[in-house]
Structure formats: C-alpha cells, structure tokens
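Chain by chain, the residues run as shown.
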Amino acid sequence: MAGGNGDGRDAPTESIDYVMFHRQVIKYDDQSSTYYGLNMPNNTVQLKPDKNRVYIAMPSTLTTDYRPAYRQTDLGVAGMALAEGRTAGASGDITEIAKTIQGAAAAALPEFTEGAFAQAASGASQFLGLSGSFSANDMVQLTKGKVFNPYTEQLFSNMQFRSHAFNFKMFARDAKEADEIAKIIAYLKQGALPKYGAEKKARFFEVPEKFNIKFVRMQPNGVVSDNTENMHFKIHTSVCTGINVNYTPDGQYASFKQLVKTGKFAGIHVPAVSLQLQFTETRFVTAEDVDKGF
C-alpha cells in the first residue's frame, strides 16, 4: 500500500498493491503433432487469455525460493584419477588413455589391497561361524588411524519448479461484496479444475487452465500503474495445485441476513472468507531469467 504526501504515515491511501490472477488456456489443435510443453525454451505454444481477471490485495506473507538440486557423489581415488586424466585422453590417443587407466589403477592399489584383506577377514569369520565384518576403511583406521578419502563432490542434477503460496482473508461489508468474493473464488476454482471432454461418454478430461500471476499497483481510479512490470519478482505461467476455502475463518459461523437474489451465486453469504492458493510454475527459472525480473 502506498502512502500519500510526506512519509505517508498519516496520509490517505493513494494506491494499493494487488496480486493479479489471469486465467489462460492452451490453444490445442487435435490435427497437429505440436509439442505443448511449456518448459521448452522458445516454445511457440499459444495461450488464449480469459476475458476476465482477478485482483486481490497483497497477502501478509509474500515469498519465493530458488531450488537447484545437487547430488552427492563419491568418486573414490580411481574415479578422481580418471577424471584428472580425462583431458589427456580426450583426443582419443590410445597411449594417453592407457596411461590414464594405469595411473588410476596405481592410485587405487592401496585401497584395493586393504579391501582384499578386509574381505578375506570377513569371509573367514563367516566360514567359521563367527561374528564380525570388516571394510577397507575399518582396517586402515584400526592399524594406521586413517580412513580413505572418498573424494566426495556435489554435482548439479537439475532445477526444481518454483511453487508459490498465497493466503488471503477477504472481508465483505454487505451481501453484495460477499457475492463479489464468491465470484473471485469461482473464477479461481474454474481455472484450476478440469472439464469433461466433448467426445462420446466423456472419455477424456480437458486439461485445466494455466494462470498468469503478476504483482501490480492500482490507482484509486482503477488504472494499473505502468511502472510495476518488475515489482518484487516475476512468476512464470503457473498451474494451480491447490485451493482451500474456509467459510468460518474466525472459528464461528456467521452470515448476512440480507440475501443476494440475482446472479450465479444468489443466496446466503458470509462476511469473511479465508482463501489459500497453491501455484507451481511450468518453466524453470534460469540465470538468464534473473535479469528479466524473475
């Protein structure tokens, strides 16, 4: 929320920041073999925007995260030696490749020797029906106070799709405003859920719609400011993965005495609703996207 004159603490509100949710549907062509995945860079998938969109005042908590995934790998001394010699053998020279393999074998010989002793000791114990098992590391630790370096590395695996959660509590001053809240919730639910296909016996579901989510600043006259393109952070086209609506957020049921008598949501409404939304992006965020505001 933006303040007015001066520091804005005592001034009237001039503009309000909102989260905008805009439904979009992929324009599928049953006669085409087009790939419709949205995570493909520079894809040409066409999205048809819905004629309506929803603006909800900013939630009390707004976060995003970036989760590159790594895996821990133990190369071992032989793997490390082979990796170091990989460049020398990259040309395909048989002599250089042989030298690399010989070097790796020589580096691994001490661990191989201790492993052989440990395996022999474990095998003897089992053959005699005795307890006990040993590893190469057990042997050198007990005899030399050392353990072999596993040469552990963190190797990049992949990116994970970002997820965003929005928690809103919406209040209505009268039944008419409560009806508007009902329309907002219906708009979001309709975009998150599938439809039955038009074919006989409804053999297929039509895939739910996607959502374009933006943070915008709206002036009192309802005009969205033009300078909010990179407000906070951008969000790639997303799918809605969860909606929770609580019609008794304060722990006690209450409703308006006045009835809404027209429209799709005519009937009894409540003065307060808690709305929890979960979205997951359909594209990975990359280093190039950071300069674009993601």
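None of the values given here were measured: they were computed from a predicted structure.

### What about the overall build of the chain?
Move 1: Within the chain, the secondary structure is distributed over five helices and 11 strands.
Move 2: For the chain, the residues scored as buried account for 30% of the 294 residues in total.
Move 3: Taking the intrachain contacts of the chain between residues at least 6 apart in sequence as the baseline, contacts between residues at least 24 apart amount to 71%.
Move 4: For the chain, the accessible surface area stands at approximately 19800 Å², while carbon and sulfur atoms represent 52% of it.

### Focus: the packing of aromatic side chains
Move 1: For the structure shown, the criterion picks out 11 aromatic pairs.
Move 2: Where F166 meets F279, the ring centres are 6.1 Å apart and the plane angle is 70°; that geometry is what we call edge-to-face. In this pair, F166 is assigned in strand β6 (residues 163–171) and F279 in strand β11 (residues 272–281), connecting sequence segments 113 residues apart.
Move 3: The exposure class of F166 is buried, given its relative accessible area of 1%.
Move 4: By way of ring pairs, the aromatic residues F21, F166, F168, F211 and F279 are connected into one cluster.
Move 5: It is R23 that lies over the ring of Y187; its NZ or CZ is 4.6 Å from the centre.

### Brief notes about the pairing of β11
Move 1: Extensive coverage of β11 is indicated by the burial of eight of its 10 residues.
Move 2: Note that β6 and β11 share nine bridges and pair antiparallel. Within the sheet, the bridge partner assigned to M170 lies in β11 and is V273.
Move 3: Note that strand β10 (residues 238–246) and β11 share eight bridges and pair antiparallel. When the sheet's bridge partners are listed, V239 is paired in β11 with T280.

### Quick notes on the side chain of D289
Move 1: Along the chain, D289 turns up in helix α5 (residues 287–290).
Move 2: K292 provides the closest opposite charge to the buried, unpaired D289, separated from it by 4.2 Å.
Move 3: Apart from residues no more than four positions distant in its own chain, D289 is found in contact with H236, F284 and F294.

### Section: unusual backbone geometry
Move 1: The phi angle at H232 is positive, at roughly 65°, despite the residue not being glycine.
Move 2: Its location among the elements puts H232 in the loop between β9 (210–218) and β10.

### A look at the environment of V239
Move 1: Here V239 shows up in strand β10.
Move 2: Residue contacts for V239: discarding those within four places in its chain leaves K210, Q278, F279, T280 and T282.

### Here's the deal with the confidence of the model for the chain
Move 1: Mean pLDDT over the chain stands at 78; residues scoring 70 or higher make up 71%.
Move 2: The model gives residues 1–9 a pLDDT under 50, and that stretch makes 15 contacts with residues more than four places away or in other chains.

### Section: the pattern of salt bridges
Move 1: Inspection of every chain in the model, using the stated rule, returns nine salt bridges.
Move 2: Ionic pairing is found between R217 and D17, a salt bridge with its closest N-O pair at 2.5 Å. With R217 in strand β9 and D17 in strand β1 (residues 16–26), the pair connects residues that are 200 residues apart, well separated along the chain.
Move 3: Under the relative-accessibility criterion, R217 is labelled partly exposed at 29%.

### Overview of the nonpolar core
Move 1: Ranked by internal contacts, the top residues of the largest apolar core, which has 30 residues, are F21, I56, F166, F168 and L188.
Move 2: Residue assignment for this core shows that the elements contributing at least two residues are β1, β3 (54–57), β6, α4 (175–192), β9 and β11.
Move 3: The biggest single contributor to this core is α4, with eight residues.
Move 4: When residues no more than four places from it in sequence are discounted, the contact partners of F166 are V19, F21, P59, L62, I213, F215, I235, L275, Q276, L277 and F279.

### Things to note about the environment of Y36
Move 1: If you trace the backbone, Y36 turns up in the loop between β1 and β2 (47–49).
Move 2: Setting aside residues no more than four positions away along its own chain, Y36 makes contact with I26, K27, Y28, D29 and V45.

### Re the environment of A202
Move 1: Relative to the helices and strands, A202 resides in the loop between β7 (195–196) and β8 (205–206).
Move 2: In contact with A202, other than residues within four places in its own chain, are Y196 and G197.

### A few points about a nonpolar patch on the surface
Move 1: On the surface, Y253, L259 and I268 cluster together into a nonpolar patch covering about 340 Å² of accessible area.
Move 2: Along the polypeptide, L259 turns up in the loop between β10 and β11.

Parameters at a glance
Residues numbered from 1 in each chain as written. Predicted model: local features only at pLDDT ≥ 70, side-chain atom pairs only at ≥ 80, totals over all residues. Heavy atoms only, no water. Helix = DSSP H or I, 4+ residues; strand = E, 2+ residues; numbered from the N terminus. Buried < 20%, exposed > 50% of the residue type's maximum accessible area, 1.4 Å probe, protein only. Contact = heavy atoms within 4.5 Å. Areas by Shrake-Rupley, 256 points an atom, 1.4 Å probe, with all protein chains shown as cover. Phe/Tyr/Trp six-rings, centres within 6.5 Å; stacked < 30°, edge-to-face > 60°. Lys NZ or Arg CZ within 6 Å of the ring centre and 35° of its normal. Pairing = 2+ DSSP bridges. Lys, Arg positive; Asp, Glu negative; His and termini not counted. Salt bridge = Lys/Arg side-chain N within 4 Å of Asp/Glu carboxyl O. pLDDT = per-residue confidence, 0-100. Core = buried A, V, L, I, M, F, W, Y, C linked by side-chain atoms within 4.5 Å. Patch = residues over 30% accessible without salt bridge, like charges linked within 9 Å, V, L, I, M, F, W, Y side chains within 5 Å.

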